[in-house]
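# Notes for the structure review
Here are the chains, one letter per residue:
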Amino acid sequence: MQPTLSRALRCLLGSKKRAAAVVAFWVLMAGLLAGVAPTLESVEDNASANLPPAASDSMKARDLIRAELPGQDAIPAIVVVRGEGDGAGAQAEEAVARISSALSGDARPEQVTGVISTATTPRAAAELVSEDRDTQLVIVPMTGSASDESFQDAVGEVRALAADRAGPAEVAVTGPAGIATDTVKVFSSGDKVMLLATILLVLFILLAIYRSPLMALVPLLAVGVAMRVAETTGALLAEAGLITVSSQTASIMTVLLFGVGTDYALIITARYREALLDEPDRPRAMRVAVRRTAESVLASASTIVLAMFALLAAVSPALRGFGPYLALGVAVMALVAFTFLPALILLLGNGVFWPGGVDKAAARSRGAGVWHRVAALVARAPVRVASVVIALLVAMSAGLLGYQESFNTLSGFRTATESERGQRLVQEEFGPGESAPSTVVVRAGEDLRTTTVPADVTAALAGADDVSRVDERPRFSEDGRTAFHEVVLDHDPYSSEALDAVGPLAKTARAATEAAGVQDATVLVGGETAQTADIRSALDRDTLIIVILVLVIVTAVLVLLLRSLLAPLYLVATLILSFLATLGATTFFTLTVLGDEGLGNRVTAYIFVFLVALGVDYNIFIMSRFKQELRTSPPAQAIGAALTRTGGVVSSAGLILAATFAVLMTQPIRELFQFGFAMAFGILLDTFVIRPLLVPALVRLLGDHALWPTRPAALREPSVPMRPAGRAVPDAASGRLLRAFTWIAVTEACTWAGLLIGMYFKYVPETTELGVRVFGALHGAAFVVYVLLTLLVALRLKWRLGRTTLLALLAAVPPFATVAFEIWARRTGRLPGPGAVGAAPDSPDMV
């Protein structure tokens, strides 16, 4: 790879003319894409991100309602009218009559399809008038998509008409149409402020770091080019229907590219300044810098991109649509960092270091004195340092004792909205569940109007727990085979109590249907509460899968980068501790201190994916430098040198990344505020606690085994004595043997995990034994080769008996684990006994 990379770098950065061509290429590409692509706002999809999976019961119910009840695909706006003072009831009634007349006349918005109020539908007074008669509701069905600007304008017109006709009565427009419109407005109101705040904050920090105006502007220009290319490419892909982009995704993309882009710029320019100490030729020094940082930056970008693609395994649209656009942005940013950024620095020449000059810039690359003191502290007391840090992380994790989630969109606005005010009025005057009733759908193969099923289901639902009222007259489809029962819960429609009630509600209706003699009926629950309950179930499932996938991805990248099996384990362990501490601190701060009713329902998954994918960057940077320093120094000195050389640049990168995510706290959305706080806190924790203290302490304690099975001597330059006298010196064949041993060990571990997974699915009735047999064959072959290779390596490198025995015992873990798994499966009934038909074999060797 190195010769190919060197040739590519000479082609791109061999001279100022070539650098100018690279800069011109990126500028031209950004301009051309901007000319052909639609605006990102025009292709944003904010509706699907807040829906459950298409295959969920609530979505099936929604489709049935739209198919069997014409006109039910409209999005209702709810106008709440409350009279004031004496004669409040009459005042409200007069205001409702005027509002109904205005929304039924020719001046109404074309999206309004009708009006349901006491003035237009007197028989609905029982549901539209409060018990004290001071407050009334006006239901205004509206057609169109809530994400369209025309729909939002129509809601604005409804609000203006209602306010104009209300007179002295208090009026507010809420309901799904009002909530959706306010959500879009709240998101869009903070975008420009966020972008400007991000630019100014990053520029200020870069000026403090570089002490050069031009050098501070270079990373911002690189981020600007990457953002323009990513946004326009993403808009084209979204227009083609290949990806989805929401307002929330676009906001996070902005801070992500500023953070990641400046990180990569700091890493590359730091190595460039360091290379200038020994290489006066600027293009050659830049090529050395890019070549030496290529591995770590590529590993960092690959980790983030793969973690984003891991979100495709999710079934909830909110997570599934989140990854591809961000993966695209990071990939483009990495390409710009490797090409445009170094080319622009070369093109600017000496001016990029003004006013301090080249010598001062290069001298600062030696590392600040504070990092020498930190390295000395870790070297002097690694046990105490590691113990204190771990105790601190565990203490922060205690905040998880108060962990809870919130699915209430309105409570997540950190600014006053009309829909939230209207929702509060509805709950005060009509009850908490009236703002979003649920619909229980019963579909059978016969005309239900000729049976007692509708009455029985209505009676059963009315007597169910958590139910406030049930509409006594269910609606029917044209053929009578589908009945729709409107149910109002006595909880806030978005509370955990209401979400927990959805399942029992369906079970109650199903039991009543079966008791009435209809056995093949389909029972579904639709409405806002049911959809939110399905979103919660999907997110619970997705979070578990994403956690596993991201950890596997990060571990695999670290294994490939460090050529080690042990290092990825303790590095990933530090990431998990960092995540738990961050989530605990975020829970305590936002729930206990700020009084939020819970963490946003997607915040935990977002925090895990981004904190692990970005936090591992700093581990990658320090461990890559540690590996390079091992070529000329023993482990104790190598980790000290890695810490001092990367301390300044990594801490600066972490500070910028944390600052960019902290900008999200300016957004008036609970989810973005919590996510921004968590990312800023977690990145600072990684940058100033875990990376400079815990990781070096662990490496110091492990010594020669820090990169096991790779040994420090195998990494050293030929001119450096590789081993003390009297010990065997590994030759090239031994190095190949060690690499083969490592890959066989990885294969053994993977096939062992695969065998266990296959055995588990074997005991699910819908699956077959084919997968288990394939995994078993691979596992058996890897096990035999692993044992033989362990003995061969032990003989070749003259290992002692203790180490050989330990590795042999590790090789024996997989078959013993499969035996234990099979015993557990038999005892729990997942696997029939040996005498049963189709029973699995007794020994894992037979699987």
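Preceding this paragraph is the structure being described.
What you are looking at is a predicted structure, and each value in this text was computed from that prediction instead of being measured. (Residues numbered from 1 in each chain as written. Predicted model: local features only at pLDDT ≥ 70, side-chain atom pairs only at ≥ 80, totals over all residues. Heavy atoms only, no water.)

## Quick notes on the pairing of strand β5 (residues 438-443)
Within β5, five of the six residues are buried, which leaves the element mostly enclosed by the surrounding structure. Where β5 lies against strand β8 (residues 482-489), six bridges are found, and the strand directions are antiparallel. Counterpart to Val441 in the pairing with β8 is Phe484. Here five bridges tie β5 to strand β9 (residues 522-526), and the two strands are oriented antiparallel to one another. Paired with Thr439 across the strands is Gly526, a residue of β9. (Buried < 20%, exposed > 50% of the residue type's maximum accessible area, 1.4 Å probe, protein only. Helix = DSSP H or I, 4+ residues; strand = E, 2+ residues; numbered from the N terminus. Pairing = 2+ DSSP bridges.)

## What to know about unusual backbone geometry
Of note, the amide linkage connecting Trp708 to Pro709 takes the cis form, showing an omega dihedral of 5°. Within the secondary structure, Pro709 is located in the loop between α26 (670-702) and α27 (712-715). The backbone of Asp466 sits at a positive phi, close to 70°, despite the residue not being glycine. For Asp466, the position within the fold is in the loop between α20 (453-462) and β6 (467-470). Here Asp466 falls in the partly exposed class, since its relative accessible area comes to 29%. Of note, the phi angle at Arg563 is positive, near 50°, even though the residue is not glycine. Within the fold, Arg563 resides in the loop between α22 (528-562) and α23 (566-593).

## What to know about the pattern of salt bridges
A complete count under the given rule lists 18 salt bridges for this structure. Between Arg421 and Glu170 there is a salt bridge, with its nearest N and O atoms 3.4 Å apart. One end of the pair, Arg421, is in helix α19 (residues 418-430); the other, Glu170, is in strand β3 (residues 170-174), and 251 residues separate them in sequence. Here Asp500 ties to Arg536 by a salt bridge, and the two come within 2.7 Å at their closest N and O atoms. Placement of Asp500 in helix α21 (residues 496-515) and of Arg536 in helix α22 is noted, with a sequence separation of 36 residues between them. Here Asp500 falls in the partly exposed class, since its relative accessible area comes to 46%. One network of salt bridges, in which partners are shared, links Arg82, Glu170, Arg421, Glu428 and Glu429. (Salt bridge = Lys/Arg side-chain N within 4 Å of Asp/Glu carboxyl O.)

## Description of the packing of helix α24 (residues 603-629) against helix α25 (residues 635-662)
Where α24 meets α25, the axes come as close as 8 Å, and the angle between the chain directions of the two elements is 150°. Between α24 and α25, the interaxial angle falls into the category roughly antiparallel. α24 and α25 meet at a crossing whose hand is right-handed. Considering only residue class, the contact of α24 with α25 consists of 16 nonpolar, two polar and three charged. (Axes fitted to C-alpha atoms, helices over the stretch in contact; angles between N-to-C directions. Parallel < 35°, antiparallel > 145°, perpendicular 65-115°, else oblique. Left-handed = near helix turned anticlockwise from the far one by under 90°. Nonpolar A, V, L, I, M, F, W, Y, C, P; charged D, E, K, R; others polar.)

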